[in-house]
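Breakdown of the fold
The residues making up each chain are set out below.
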Amino acid sequence: MDTLDNSEWDVVIVGTGLRQSLLALALSRSDKKILHIDENDYYGGAEAAFSLQEAEEWAKSVDESSTAAAFFNTSVTKPDLSPDSSTPQLSPSRKYSLALSPQLVYARSALIQSLISSKVYRQLEFLAVGSWWVYTTSSGNQALREPISIHQTDSIRGSLLKVPSGREDVFQDQVLDFKSKRALMKFLRFISDYEEQPQEWKKYEYEPFTTFLIERFKVPEVLHAPLLALTLTSASSDQVSTMTALPRIARHLRSIGVFGSGFGSVIPRWGGMAEIAQVGCRACAVGGGVYVLGKGIAGEGKYSEFDGKLRLKDGENITTKWCVRDHAPSGIPAASDNRSVTIVSSDLAPLFPSLGEEAPIPACAIINFPSGSIPVEGWDQERAVPSVQIAIHSSDTGECPPGQSILYGYVALSGAQGSQLLKKAVESLLASVDITPAPTILWSLQYEQRCIPVNGSGSLHMTWGEGMLTFKQSQFDLAFDDRILDEVKEIWQKIMGEDAGDFLVFEDREPDIDDDD
Amino acid sequence: MADSAPTQPKPSSSVKLVLLGEAAVGKSSLVMRFVNNDFQENKEPTIGAAFLTQKCNLPTRTIKFEIWDTAGQERFASLAPMYYRNAQAALVVYDITKPSSLTKAQHWVAELQRQASPGIVIALVGNKADLASAGGADSSDDADAAPAAEGETNEEEEGTDARRVATRTAKSYADEESLLFFETSAKTGQNVAEVFTAIANAIPETSLKGPRGVGGSTNLNRQEDARVNLAGTGMSMPDKGCAC
């Protein structure tokens, strides 16, 4: 069968992004007749990973005219590298696997559980997220520990301060005074079971988290930035509510030590979530699912009148009981974030200190630029400047050649101001790491990604006529959001009905995999 | 000279081997013959296993093949990069009764050279050798068999000989590209074990590592040191410790 015309299916999944691919995995043993298509000629959709050349092609192909497109305002910058052999050079295109979704996954995430119970983790490799750093320029924040360099006079150069990774770190800290330590320890004890103590925080629920820290625990201001860094939110410090911060910090702290000492989250190797998407698709193919890339659906507007018939872009007519696809275009302009991918000519080794003798070598470091640590020209809004997150991936991820690293930047700020802020953050970061020769930027990609607010109204998916199911488009978050899995489960349940069984729980297909002799 | 010296167990290494080739050339059948010494006449297209394993004993070491099937993703040219990732060997299969399948095989070889690790060992395998008459197989090495192989429309005089790809044609292509080359029959078992043994022998010792690894690239130790073991202590008890 080399044509799809007149074929009949139980489920047609449109797009090979992470959600669709997890759904494909969930349906992989269902005996449903599944067709999984993607209009792109690559796997992963908004979670794809690209070689250099593919990334440049992707940047060019992004549809600037559509207000419903997930990505826009793309630009690739290649500094003029002198051909002189003594200066660092880009490696060949295929040495890179740049992730559109360089998310980290907390050890306690339901995603990890699902990858294990569905047995596909055997086809994946995970690496540790090591240290978390806070960038600071101010003279007032010197009370923190382990500055790896300090250049106080130059406005663009600051210092990077390591966030303590747990209570032991706090105990052993040489710089914090006793009072601060006590306040922090008290807070950390509280957060270990904050759900049980609503009386402590309910009245601060919608208040800024920093207010809560001061009023309830007397946590000194110097510790606010490191604690906010653990939330991985890009909102301005005064916009992060207690309700937002507590579960995120708890998620961080509770995950530490699950897979080994000194770290609590992991990243997939080879290009972020793209790898998980591919593994999910392969599992579905192994179960008999049919895969066709470069094949989209014709007639984008037909969400509301789905009658089981679909027309593909090359004219094939197919029928299906269920069709699962991305969010429906709403026509409402969505907010957007700025994102960037920067290839750097250094392994930035000082940012990847060992996690301990028994622990794996960390392959990712998180740098947080607190609200206001990077000035934005012409900032006239009442709220503070949003914070910037940069995840640095080492060459151990397979995303770049040895001796280089990839900086994935993210700020919840649209337009030129956001892109400017990201650029400055990357420059400041590079200027703050004491390493010789000084790291230089070899290549960078900037783009904006549209999102709908995480707390947006409406159910996780909507039904458009019998059989048409859609995923919600979500905001980029530096950590995998377990609600994605809930959304997948909901759709899976709808398709499976009574016979659903356990979600993503499978036996090994390969009998003797652990046979080691 | 009986077994006097304490015999050290031979070093054992895992090797990821990927299958490539047009649909219905017998990729899975070859693997079934190699792994289970079994053959099914009218096998359905591949469903069911992410990969199969089989050991290959060499005089000085044991190679444990992790054989990855395409799972049908080749049909619409939709194989994912993860399929090629870290593959140390590839079996590119064509059907000796179908010249277009050799063209397809050449396409896959090019794709491997583009996508796979530089040191990958590639074997080109002409399957369904049982469909060539004995005489045909012999004469295929002669010049006069070649014309018949080039065009599918050519009238076949031997009657039972369905061969349309001359051994010589495929062999010279394989030599040009430095590929191992075999003609096999998954049905009779002819040459099947030999292919895998030849691949095992061709894999450079330096690219090997212990069992159940991925291997295939440089800096192996560091890669292992970076890897997080999800199936370790922490996550084997799903509900433990979550305070939610």
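What you are looking at is a predicted structure, and each value in this text was computed from that prediction instead of being measured.

Focus: the overall build of chain A
- Helix and strand counts for chain A come out as twelve helices and 18 strands.
- Expressed as a percentage of its 517 residues, the buried residues of chain A come to 57%.
- Looking at chain A alone, contacts between residues at least 24 apart form 74% of all its contacts between residues at least 6 apart.

A look at unusual backbone geometry
- In this model, threonine 436 of chain A is joined to proline 437 of chain A through a cis peptide bond whose omega is -5°.
- In this structure, proline 437 of chain A sits in the loop between α11 (415-432) and β17 (441-451).
- You will see that asparagine 191 of chain B, though not glycine, has its phi angle at about 65°, which is positive.
- The partly exposed category is assigned to asparagine 191 of chain B, whose relative accessible area is 25%.

Quick word on the packing of aromatic side chains
- Tallying each qualifying case throughout the model produces 21 aromatic pairs over all chains.
- When the ring of phenylalanine 65 of chain B is compared with that of phenylalanine 196 of chain B, the centres are 5.7 Å apart and the planes differ by 70°; the resulting orientation is edge-to-face. On the criterion of sequence distance, the pair formed by phenylalanine 65 of chain B in strand β3 (residues 62-68) and phenylalanine 196 of chain B in helix α7 (residues 192-202) is long-range, its members being 131 residues apart.
- The class for phenylalanine 65 of chain B is buried, based on a relative accessible area of 0%.
- By relative accessible area, which is 1% here, phenylalanine 196 of chain B ends up buried.
- Among the aromatic residues, ring-to-ring pairing joins Phe187, Phe190, Tyr204, Phe209, Phe212 and Phe217 of chain A into one connected group.
- Above the face of the phenylalanine 72 of chain A ring, arginine 450 of chain A is positioned so that its terminal group lies 4.0 Å from the ring centre.

Comments concerning the sheet that holds strand β1 (residues 12-21) of chain B
Residues and elements named next belong to chain B.
- The strand order across the open sheet built from six strands is β2-β3-β1-β4-β5-β6, with neighbouring strands paired in mixed fashion. Because the sheet does not close on itself, it has two edges, and the strands there are β2 (51-57) and β6 (180-183). With strand direction ignored, the average angle separating the axes of adjacent strands in the sheet is 25°.
- In terms of strand pairing, strand β5 (residues 121-127) meets β6 through four bridges, oriented parallel. Each residue of the ladder has a partner; that of glycine 126, found in β6, is glutamate 183.

Some remarks on the confidence of the model for chain B
All names here are of chain B.
- Residues of chain B with pLDDT of at least 70 account for 72%, and the chain-wide mean is 79.
- Note on residues 136-158: pLDDT under 50 across the span, and 35 contacts to partners over four residues away in sequence or across chains.
- Contacts of residues 233-244 to residues separated by more than four positions or lying in other chains number 14 contacts, the stretch itself having pLDDT below 50.

So, the environment of threonine 319 of chain A
- Looking at the element boundaries, threonine 319 of chain A is found in strand β12 (residues 317-325).
- The residues contacting threonine 319 of chain A, other than those within four sequence positions of it, are Ser7, Glu8, Trp9, Gly308 and Lys309 of chain A.

Here's the deal with helix α3 (residues 99-115) of chain B
- Helix length check: α3 of chain B (17 residues) gives 25 Å between terminal C-alpha atoms against 24 Å at 1.5 Å per residue, within 8%.
- Residues of α3 of chain B that are buried include every one of Pro99, Ser101, Leu102, Ala105, Trp108, Val109, Glu111 and Leu112 of chain B, and no others.

The rules behind the values
Sequence order as written defines the numbering, with residues in each chain counted from 1. Chain letters and ligand numbers both follow the written order, the letters beginning at A and the numbers at 1. Per-residue local features of the predicted model are confined to residues with pLDDT of at least 70, and side-chain atom pairs are confined, for both listing and counting, to 80 or more; whole-chain, interface and lining totals are unaffected and use all residues. Only heavy atoms go into the side-chain values, all of them from the structure, while hydrogens and water stay out. Each helix corresponds to a stretch of at least 4 residues labelled H or I by DSSP, and each strand to a stretch of at least 2 residues labelled E; elements are numbered beginning at the N terminus. Throughout, exposure labels follow a simple rule: accessible area from a 1.4 Å probe, protein chains only, divided by the maximum for the residue type, with under 20% read as buried, over 50% as exposed, and the rest as partly exposed. Contact criterion: two residues are considered in contact whenever any of their non-hydrogen atoms come within 4.5 Å of each other. Centres within 6.5 Å are what make two rings of Phe, Tyr or Trp a pair, Trp counting through its six-membered ring; a difference in plane orientation under 30 degrees is then read as stacked, over 60 as edge-to-face, and the rest as tilted. Consider the ring centre and the ring normal. A charge sits over the ring if Lys NZ or Arg CZ is within 6 Å of that centre and within 35 degrees of that normal. Here, any two strands with at least 2 DSSP bridges between them count as paired. The convention used is that axes are lines fitted to C-alpha atoms, helices contributing only their stretch in contact, and that angles between N-to-C directions extend from 0 to 180 degrees. The predictor reports its confidence for every residue as pLDDT, a score running from 0 up to 100. Each residue after the first adds 1.5 Å to the expected span of a helix.

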